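Residue-level structure breakdown
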Amino acid sequence: MAKVVLLSNQGADLNINTIGSRAMKVFVQLAYGFGANSWRKRWIDGGILGLNEPKAYGYYRAESNEVSVLYSEDYPEKKYQKFLRYGIRVVFGFDFVHTWRNREGIFASDVVWTHTESQTLAVLCLLLFRNHNLRPKLIGQVVWLYDRWNQYWFLKRWFYRLLLKRLDLMTTLSISNRDGCRSLFRWLRVERVHFGIRSDEMLPARVTCRGTKIRVLSLGNDEHRDWETLGDVARQLPNIEFHIASSSRTAKDATQGVSNVRLVRAKNNTELLDLYADADIVVVALHPNFHASGITVIEEAVILGVPVIASDCGGLSDYFAKDALCYVQPGDSAAIINAITSITMDPEAAESRTKAAQTRVRTKINSELYAQMHVELSKKILDGDVNLSVHC
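Here's a quick rundown of the structure.

**Looking at the side chain of histidine 224**
- Structurally, histidine 224 is set in the loop between strand E9 (214-219) and helix H9 (227-236).
- Taking the relative accessible area as the measure of exposure, histidine 224 reaches 11% and is therefore buried.
- In this structure, histidine 224 is in contact with Asp147, Ala285, Leu286, His287, Pro288, Asn289, His291 and Ser293, ignoring residues within four places of it in sequence.

This is how it looks when you write it as structure tokens:
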């Protein structure tokens with residue numbers, strides 16, 4: 001719980017040790033399109049693919065008698081308003097207008113949580129309008145910031161550093177990202193939290209590769225997917241059928257003319273789950289990165305009981321050890337071929353790895369624990385605890 005405490009000559013500050021009669025107020029600021037009402041409507045209509053939640057990313061699971069959680073909303077806008085919002089986003093690199101529209105909920109909260117650097121920077125910009133001792137605390141998550149930092153113009157880097165000086169805690173989804181951000185922003189407290197998805201209806205691990213036709217599934221649109229290497233693998237394994245679910249132009253170009261590659265598109269969640277159900281192996285081929293690219297697909301495959309082969313980069317091995325996933329070096333098509341062959345020759349061993357991965361999901365990596373980790377970190381920040389180390 002949190003309560004306002006008046007400090008002499010210092011304005012108002014929050015202290016979790018001062019137990020009040022109300023719950024700690026959390027405001028979750030997400031990107032436009034992820035607002036509570038608009039997301040829930042699409043979720044009910046089946047318009048959001050994957051093992052998703054009725055509210056985006058499962059932050060609502062933190063709600064209890066001691067914690068209240070309120071999500072940002074997507075305010076209706078006319079064409080000129082949308083054009084203005086997009087224009088400001090292009091200039092600054094974050095959606096300030098969307099955050100400004102949610103300012104009432106932000107300023108009324110004790111703690112604000114964000115999901116990517118776009119919302120983190122926008123909230124920090126908004127907080128420039130509020131006295132430091134009167135504003136809510138901010139746990140600002142970043143995803144692509146470290147990967148893209150050197151691509152930014154020097155004035156943008158200067159501006160972002162200026163904003164980040166006011167950040168209470170930066171979180172990342174990858175241990176590689178955490179270490180990189182700690183070296184880049186030495187004044188900041190940076191913690192890694194394991195991103196987890198809905199695992200309530202986990203399916204038993206499957207013994208695959210029993211049919212006459214082996215199917216390999218690969219999904220995703222992230223910029224660090226390595227479709228070129230996967231295309232090379234498919235060319236060398238003509239007797240295996242590859243299904244690729246991606247809207248990436250690179251995926252289409254890299255597999256063009258490969259007869260055993262089929263580009264598929266899941267128009268709804270039923271079709272997506274059918275792709276996983278028909279797959280013998282899920283392959284997540286990646287370029288080197290720092291932000292745990294591919295983790296959502298990996299978790300979905302594990303929860304649905306499918307063996308996974310993944311490139312060992314981006315901090316993925318901090319999520320799942322080598323007894324749970326079959327890891328290969330990035331860009332190594334021969335290693336992926338060997339891994340596929342190994343699974344087809346010994347599917348029982350692959351099933352054992354999937355079971356180990358599912359145990360990890362049940363006990364350490366899921367949306368429930370992801371939300372609770374934010375609660376624990378919030379309590380430490382409100383308590384002024386400089387030692388933020390928690391079991392994450």
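Text resumes after the structure shown.
**Looking at empty space enclosed by the protein**
- Tallied over the entire structure, the rule returns one cavity of 30 Å³ or more.
- Lining the largest cavity are Val302, Val306, Pro307, Val308, Ala324, Leu325, Ala350, Arg353, Thr354 and Ala357.
- A total of four residues in the lining of the largest cavity trace back to one element, the largest contributor, which is helix H14 (residues 347-363).
- Grouping the amino acids of the lining of the largest cavity by side-chain chemistry returns eight nonpolar, one polar and one charged.

**Points about unusual backbone geometry**
- Despite not being glycine, tyrosine 57 has its phi angle at roughly 65°, a positive value.
- Along the chain, tyrosine 57 turns up in the loop between helix H1 (36-44) and strand E4 (67-71).
- Given a relative accessible area of 24%, tyrosine 57 falls into the partly exposed group.
- For alanine 292, which is not a glycine, the phi torsion comes out positive at approximately 60°.
- The residue alanine 292 is located in the loop between strand E12 (281-284) and helix H12 (295-303) in this model.
- By relative accessible area, which is 2% here, alanine 292 ends up buried.

Cut-offs applied
Residues numbered from 1 in each chain as written. Predicted model: local features only at pLDDT ≥ 70, side-chain atom pairs only at ≥ 80, totals over all residues. Heavy atoms only, no water. Helix = DSSP H or I, 4+ residues; strand = E, 2+ residues; numbered from the N terminus. Buried < 20%, exposed > 50% of the residue type's maximum accessible area, 1.4 Å probe, protein only. Contact = heavy atoms within 4.5 Å. 1 Å grid on protein atoms, 1.4 Å probe; cavity = no way out; pocket = protein on both sides within 12 Å on 5 of 7 lines; lining within 4 Å. Points joined across faces, edges and corners; volume = space filled by probe spheres on them. Nonpolar A, V, L, I, M, F, W, Y, C, P; charged D, E, K, R; others polar.

No statement about biological role is implied by the geometric values presented.
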